[in-house]
Amino acid sequence: MNTSLANRLTPYMFLAPAAAILLVALLYPFGYVFYAGFLNWNPSQRIGQAEFVGLRNYINLFHDESFRESFFVTLRFSAIVVALEMFIGVGLAFLLDRNIRSMSALRTLFILPMMISPIVVGLMWRYMYHPTVGFFNRTLKSLGFESMPWLLDGDWAFASVIIADVWQWVPFIFILSLAALQTLPQSVMEAARIDGANGWQSILYIKLPLMMPVLVITFLLRLIDSFKVLEVILVLTNGGPGLSTEVMALRIMRTATEFRELGVAAAMSNILLMMLLFLTVAMFFYNKVTEMRAMRLKNIAAEEA
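The structure displayed is predicted, hence computed values, not measured ones.

The tally for this structure, following the rule as stated, stands at seven salt bridges. As a salt-bridge pair, Arg222 and Asp165 come within 3.0 Å of each other at their nearest N and O atoms. Note that Arg222 is positioned in helix α9 (residues 199–227) and Asp165 in helix α7 (residues 154–182), a separation of 57 residues in sequence. Judged on exposure class, the residue Arg222 and its partner Asp165 are both buried. Between Asp225 and Arg222 there is a salt bridge; the shortest N-O distance is 2.8 Å. Residue Asp225 and its partner Arg222 are located together in helix α9, separated by three residues, close to a single helical turn.

What follows is the structure in structure tokens.
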């Protein structure tokens, strides 16, 4: 073998065993679930004993009103929580990007909710939403207002789980946004100041475009995670009242454990996976566009400097 070719292949040869293990660990479970989606399978059977039913599980799902409801609840939940978390998290990053006293302690305080287990978050917020002894209703009563049906009404329950999720995951957006903000090239900021850009103009036309590649990845990570939310909603509302807060992850769990329809649960999981794969690919291409735009901004600033 040519020496130069051997030198080029050496790093890949060292990586090959780990890559093979990762491929097996990723592809085997994916193939298993994908195949199970075409079966009429229950826990009392081995997968090899299950009846192959083709696309029947998928066809039945799209005619299942409960599944459609959980599908749209998931879309609505993800759209609202991710939009709120991005707005609040990025806003806090700009607000706390200051060299003032005790700012490091304040930043540490802001990330504490993210460190708490989702089960504990659900229990904590469930107690605060309690209709009689909860913090919120007791505060409202002390101020002379009526108690609110936080977890007893469909719309209020949906708003309640959104509040809990936003409280826990805004710190995630905040950390990554602040890191992106503090690594912006100072030459670009200086060029904007020389050109007479004020604070808002610098944020809208310089800082945000330069931060966009990081913000796109952050947005994608939170979007994927929001589609898989389970523990907080399970503890807070268990999907109720009715189906008002039953997201797809909770529906999948119930289908597999309560209804004992593993093939249908696998089909739901595959639909969710395809949705996330489509969003990931779309955001990947969008991120490439934003990276090219950020690079052009840096080049322009370097030429002006």
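This part takes up the packing of helix α3 (residues 65–95) against α9. Any two packed helices are characterised by the angle at which their axes cross and by the distance between the axes. Taken N-terminus to C-terminus, the directions of α3 and α9 make an angle of 140 degrees; their axes are 10 Å apart at the nearest point. Taken as axis vectors, α3 and α9 run oblique relative to one another. By crossing handedness, the relation of α3 to α9 is classed as right-handed. Contacts between α3 and α9 involve Thr74, Leu75, Phe77, Ser78, Val81, Val82, Glu85, Met86, Val90 and Phe94 from the former and Ile203, Lys207, Leu208, Met211, Leu215, Thr218, Phe219, Arg222, Leu223, Ser226 and Phe227 from the latter.

Ranked by internal contacts, the top residues of the largest apolar core, which has 60 residues, are Phe77 and Leu236. Looking at this core, the element that brings in the most residues is α7, giving eleven residues. Once residues lying within four places of it in the same chain are set aside, the contact partners of Leu236 are Gly122, Trp125, Arg126, Tyr129, Leu151, Ser160, Val161 and Ala164. Core analysis: the second largest hydrophobic core is formed by six residues, Ala36, Ile47, Ala50 and Ala266 among them.

Among the residues making up helix α8 (residues 186–194), those that are buried are Val188, Met189, Ala191 and Ala192. Here the buried residues of α8 occupy an arc of 160 degrees about the axis, which is enough to place them on one side. For α8, the exposed residues lying more than 90 degrees away from the buried face are Gln186 and Ile194. One or two positions beyond α8, positive phi appears at Gly196, with a value near 90 degrees.

A few words now on the packing of helix α5 (residues 118–128) against α7. At a closest axis distance of 11 Å, the pairing of α5 and α7 adopts a crossing angle of 130 degrees. When the axes of α5 and α7 are compared, the pair comes out oblique. You can see that α5 and α7 cross each other, and the crossing is right-handed. The residues of α7 that touch α5, namely those facing Pro118, Val121, Met124 and Trp125, are Ile163, Ala164, Trp167 and Gln168. Of the residues belonging to the contact of α5 with α7, the class tally is seven nonpolar, one polar and no charged.

On to the environment of Ser142, then. Relative to the helices and strands, Ser142 resides in helix α6 (residues 135–142). Within the local environment of Ser142, its side chain forms a polar contact with the backbone oxygen of Thr139, the two atoms lying 2.6 Å apart.

Time to look at unusual backbone geometry. Most peptide bonds are trans, and most residues other than glycine sit at a negative phi. A cis amide bond links Gly240 with the next residue in sequence, Pro241, at an omega value of -5 degrees. Within the secondary structure layout, Pro241 lies in the loop between α10 (231–236) and α11 (248–257). Phi at Asn238 is positive, roughly 55 degrees, even though this residue is not glycine. The class for Asn238 is partly exposed, based on a relative accessible area of 38%.

Quick notes on the rules
Residues numbered from 1 in each chain as written. Predicted model: local features only at pLDDT ≥ 70, side-chain atom pairs only at ≥ 80, totals over all residues. Heavy atoms only, no water. Salt bridge = Lys/Arg side-chain N within 4 Å of Asp/Glu carboxyl O. Helix = DSSP H or I, 4+ residues; strand = E, 2+ residues; numbered from the N terminus. Buried < 20%, exposed > 50% of the residue type's maximum accessible area, 1.4 Å probe, protein only. Axes fitted to C-alpha atoms, helices over the stretch in contact; angles between N-to-C directions. Parallel < 35°, antiparallel > 145°, perpendicular 65-115°, else oblique. Left-handed = near helix turned anticlockwise from the far one by under 90°. Contact = heavy atoms within 4.5 Å. Core = buried A, V, L, I, M, F, W, Y, C linked by side-chain atoms within 4.5 Å. Arc of directions from axis to C-beta. Nonpolar A, V, L, I, M, F, W, Y, C, P; charged D, E, K, R; others polar. Polar contact = N/O pair within 3.5 Å; in protein donor to acceptor, adjacent residues only side chain to side chain.

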